[in-house]
Amino acid sequence: MTARRPNCRRLKSAELTDPQQLRNYQPAPNSHQGRVVIVTGAGDGIGQAVALALARQGATVGLLGRTLRKLERSYDQIVKTGGPKPALLPFNLETAGAAEYDSLHDALDREFGRVDGLAHIAGILGALSPIDHYDVPTWCKVLHVNLTAAFLLTRTLLPLLRRSGDASIVFTSSGVARRGRAYWGAYSVSKFGTEGLMQVLAHESEGTRIRANSLNPGPVRTAMRLQAFPAEDRNRLVEPAAVTAPYLFLLGPEGRGINGMTFDCQPPPPAAQA
Ligand SMILES: NC(=O)c1ccc[n+]([C@@H]2O[C@H](COP(=O)([O-])OP(=O)(O)OC[C@H]3O[C@@H](n4cnc5c(N)ncnc54)[C@H](OP(=O)(O)O)[C@@H]3O)[C@@H](O)[C@H]2O)c1
């Protein structure tokens, strides 16, 4: 038996000639109006910036995250700036069991009847440590929050995504998802898994109204980045708002037809460009 290689759609140069196009994407006003998009990690960092950007474009956003107080801050900002009333979805991806996932599905079904977009952005770093010293519970927690929970949430929401005329799932990857880097342990492995999950899902979704892609944000000024690089000059990092354009593109109508792709939200550093 011959193994079939995933045949996900690859962008052709004529379609999106340059990743810079994705990075500089400027949506038309209300480009996402009428879409219901669930964003994980919506209370902080990149997730919050993507949630606010989606709401500015008219999307109704499901704000999913661990800390209710942070989600409420995102909620208030959206309402204050005239965005559609979001949904508060406090949810702990580390501890949630089948009952919580079922309740989430049922609540979204009751409230919206469908989901048009799912942005997996929540994540944890765990510890930076060599493999022979890597703490086992930390390994399991990072793999669960970053990878298994994304699988569980996707699986839970697929029936609602199938009710959309144009559903987009976006996973958040990392520079250490494509080439393992010493000491990045479970985080790096979880992001390799994230890319794999995206590709499997994209292949299974070919010919359907669901698409799946992933984005590597690159270095961004957030709590996670500070945890990973406490001594670096934070002024050299971009703000989370600077990496939202590719999320908007893939989660909106203009990303239609793109499936199984992975993109960088920022250009590679000069050394890597050589
Ligand atoms: N920042 C970077 O330079 C960078 C680079 C490459 C990739 N990334 C990726 O980008 C994504 C966002 O990272 P970030 O830098 O914005 O990190 P962040 O500021 O630390 O935000 C992480 C978000 O994930 C949520 N979260 C963590 N554990 C959770 C749980 N158990 N249940 C529900 N939500 C949980 C957090 O909620 P609470 O605040 O309530 O805990 C927070 O909203 C991550 O997937 C990360 O791997 C970031």
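This section reports on the structure supplied with the text. In this text the structure is predicted, and so the values were computed from the model without any measurement.

Some words on the site of the ligand
- Taken together, 28 residues lie around the ligand, and G41, G45, T67, G123 and T222 are the ones closest in.
- Breaking the shell around the ligand down by element, the ones donating at least two residues are α2 (45–56) and α7 (223–228).
- Here the residues of the shell around the ligand are counted per class, giving 12 nonpolar, 11 polar and five charged.

Considering helix α6 (residues 185–205)
- Its 21 residues place the ends of α6 30 Å apart at the C-alpha level, agreeing with the 30 Å of an ideal helix rising 1.5 Å per residue.
- G207 lies just past α6 and shows a positive phi near 80 degrees.

So, the pairing of strand β4 (residues 117–120)
- Residues G117 and A119 of β4 are buried on one face, and the alternating residues L118 and H120, pointing to the opposite face, are buried as well.
- Sheet topology note: the strand β1 (residues 36–40)/β4 ladder contains three bridges and is parallel. Within β4, the position partnered with V37 by the bridge is G117.
- Both β4 and strand β5 (residues 167–172) contribute to a ladder of four bridges, which runs parallel. By the bridge assignment for β5, L118 is matched with I169.
- Taken together, β4, helix α5 (residues 136–161) and β5 form a β-α-β motif whose crossover is right-handed.

Topic: the sheet that holds β5
- Strand order in this open sheet of seven strands is β3-β2-β1-β4-β5-β6-β7, and the pairing throughout is parallel. Pairing within the sheet leaves two strands with one partner each, and these edge strands are β3 (87–90) and β7 (262–264). Recorded for the sheet is a direction-independent mean angle of 20 degrees between the axes of neighbouring strands.
- Seen against the sheet, helix α8 (residues 244–251) touches β1, β4, β5, β6 (210–216) and β7 and runs at an angle of roughly 150 degrees to β5.

Cut-off values and rules
Residues numbered from 1 in each chain as written. Predicted model: local features only at pLDDT ≥ 70, side-chain atom pairs only at ≥ 80, totals over all residues. Near = placed C-beta within 6 Å. Helix = DSSP H or I, 4+ residues; strand = E, 2+ residues; numbered from the N terminus. Nonpolar A, V, L, I, M, F, W, Y, C, P; charged D, E, K, R; others polar. Expected span 1.5 Å × (residues − 1). Buried ≥ 20, exposed ≤ 12 C-beta atoms within 10 Å, placed from the backbone. Pairing = 2+ DSSP bridges. Right-handed = clockwise from strand over helix to strand, strands pointing away. Axes fitted to C-alpha atoms, helices over the stretch in contact; angles between N-to-C directions. Contact = placed C-beta atoms within 7 Å.

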